[in-house]
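# Fold and contact review
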Amino acid sequence: DGGITQSPKYLFRKEGQNVTLSCEQNLNHDAMYWYRQDPGQGLRLIYYSQIVNDFQKGDIAEGYSVSREKKESFPLTVTSAQKNPTAFYLCASSPLTGGAFRELFFGEGSRLTVL
Amino acid sequence: AQSVAQPEDQVNVAEGNPLTVKCTYSVSGNPYLFWYVQYPNRGLQFLLKYITGDNLVKGSYGFEAEFNKSQTSFHLKKPSALVSDSALYFCAVRSASGTYKYIFGTGTRLKVLA
């Protein structure tokens, strides 16, 4: 089945450690996105990428980094510079062809807890 | 700048009654508007979208939404609520011009009471 796979679903880390969240899609979508979800704040855009080897900062990129070496993959690293990393992280993708009228497709999320 | 407002943190409705979840937006140019639903500890599921054309859009699970350009609103509606509709609902907007950024509202928790 086509879809977006995020791993791990739950992750616990000590303060000061970098962590990398995986996002893989087999939908052949060009664009991929990372959002952070906190209670009462909705979804906030961290980074997005429209093409391999290119990505743009979203609204809350500080303390995060990404790479887009393959079309299918868009991993997110939460660095020790992120002040409050405990959150639910959502990866999404979307095609850019076909009129670009398409909705986002989401993975099941990764919940990161920093102890 | 693009923005989405969902003015109600929570909406309570009795099962069988009609429901409305409100959304207003601000975007330069023509908007693409979306509604998503989220169940606990899950990703978002797409419900419906407005791109152009008819202002009343029908989507999954009996939901519909009405686009009102003059009021810059895109309210989600359902004629008869089910207990299973209880979830978190998000409105999102993307400009038809510019970057491929999708901006989300803060979400509205819908609680349908049996």
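This text follows the structure it describes.
Read on for a plain summary of the structure.

Here we take up the overall build of chain B. Scanning chain B from N- to C-terminus turns up zero helices and twelve strands. Put simply, chain B runs from its N terminus to its C terminus through helices and strands in the order β-β-β-β-β-β-β-β-β-β-β-β. A principal-axis box enclosing the C-alpha atoms of chain B has dimensions of 45 × 30 × 20 Å. Evaluated residue by residue, chain B yields a buried proportion of 46% over its 114 residues. Here the analysis covers contacts within chain B between residues at least 6 apart in sequence; of these, 57% occur between residues at least 24 apart. On chain B, roughly 5,300 Å² of surface is accessible, and the fraction owed to carbon and sulfur atoms is 49%. For chain B, the distance from the average position of its 11 positive side-chain charges to the average position of its 7 negative side-chain charges is 8 Å.

When you line up the elements, glutamate 103 of chain A lands in the loop between β9 (87-94) and β10 (105-106). Note on glutamate 103 of chain A: relative accessible area 9%, which makes it buried. If sequence neighbours within four positions are ignored, glutamate 103 of chain A has contacts with Ser93, Ser94 and Pro95 of chain A together with Phe34, Tyr36, Phe46 and Lys49 of chain B.

All names here are of chain A. Considering all chains together, one arrives at two disulfides over all chains under this definition. Across the disulfide, cysteine 23 is cross-linked to cysteine 91 (sulfur-sulfur distance 1.9 Å). Because the sign of the S-S torsion sets the handedness, a value of about -75° for the bond joining cysteine 23 and cysteine 91 places this disulfide among the left-handed ones. Of this pair, cysteine 23 sits in strand β3 (residues 19-25) while cysteine 91 sits in strand β9, and the two are 68 residues apart along the sequence. On the accessibility criterion, cysteine 23 (1% relative accessible area) is buried. Note on cysteine 91: relative accessible area 0%, which makes it buried.

Moving on to the nonpolar core. With 28 residues, the main nonpolar core has Trp35, Leu47, Leu48, Phe74, Leu76 and Tyr89 of chain B as its most contacted residues. Elements represented by at least two residues in this core include exactly β2 (10-14), β3 (19-21), β5 (31-38), β6 (44-50), β8 (64-68), β9 (73-78), β10 (87-95) and β12 (108-113) of chain B. No other element matches the four residues that β10 of chain B contributes to this core. Those residues in contact with leucine 47 of chain B that sit more than four places away from it in its chain are Trp35, Tyr36, Val37, Gly59, Ser60, Tyr61, Phe63, Leu76 and Tyr89 of chain B. If you look at the next biggest cluster of nonpolar residues, it comprises 22 residues, including Ala31, Tyr33 and Leu43 of chain A together with Tyr102 of chain B.

What follows covers the interface of chain A and chain B. When the parts of a complex come together, some accessible area is lost, and that lost area is often used as the size of the interface. Facing 26 residues of chain A, the contacting portion of chain B comprises 22 residues. Summing the contributions of chain A and of chain B, the shared interface buries around 2,000 Å²; its carbon and sulfur component is 53%. Our count for the chain A to chain B interface comes out at three salt bridges. Here arginine 42 of chain B makes a salt bridge to glutamate 108 of chain A, at a shortest N to O gap of 2.2 Å. Run the count over chain A and chain B and you get nine residue pairs in polar contact (both at pLDDT 80 or more). Mapped by element, the contributors of at least two residues to the side of chain A that touches chain B are β4 (31-38), β5 (42-51) and β9 of chain A. If you tally residues by element for the side of chain A that touches chain B, the top one is β5 of chain A, at five residues. Among the residues forming the side of chain A that touches chain B, the class breakdown is 13 nonpolar, seven polar and six charged.

Rules used in this analysis
Residues numbered from 1 in each chain as written. Chains lettered and ligands numbered in written order. Predicted model: local features only at pLDDT ≥ 70, side-chain atom pairs only at ≥ 80, totals over all residues. Heavy atoms only, no water. Helix = DSSP H or I, 4+ residues; strand = E, 2+ residues; numbered from the N terminus. Buried < 20%, exposed > 50% of the residue type's maximum accessible area, 1.4 Å probe, protein only. Contact = heavy atoms within 4.5 Å. Areas by Shrake-Rupley, 256 points an atom, 1.4 Å probe, with all protein chains shown as cover. Lys, Arg positive; Asp, Glu negative; His and termini not counted. Charge placed at Lys NZ, Arg CZ, Asp CG, Glu CD. Disulfide = S-S within 2.5 Å. Core = buried A, V, L, I, M, F, W, Y, C linked by side-chain atoms within 4.5 Å. Buried area = accessible area lost by both parts, 1.4 Å probe. Salt bridge = Lys/Arg side-chain N within 4 Å of Asp/Glu carboxyl O. Polar contact = N/O pair within 3.5 Å; in protein donor to acceptor, adjacent residues only side chain to side chain. Nonpolar A, V, L, I, M, F, W, Y, C, P; charged D, E, K, R; others polar.

Taken by themselves, the reported measurements are silent on function.
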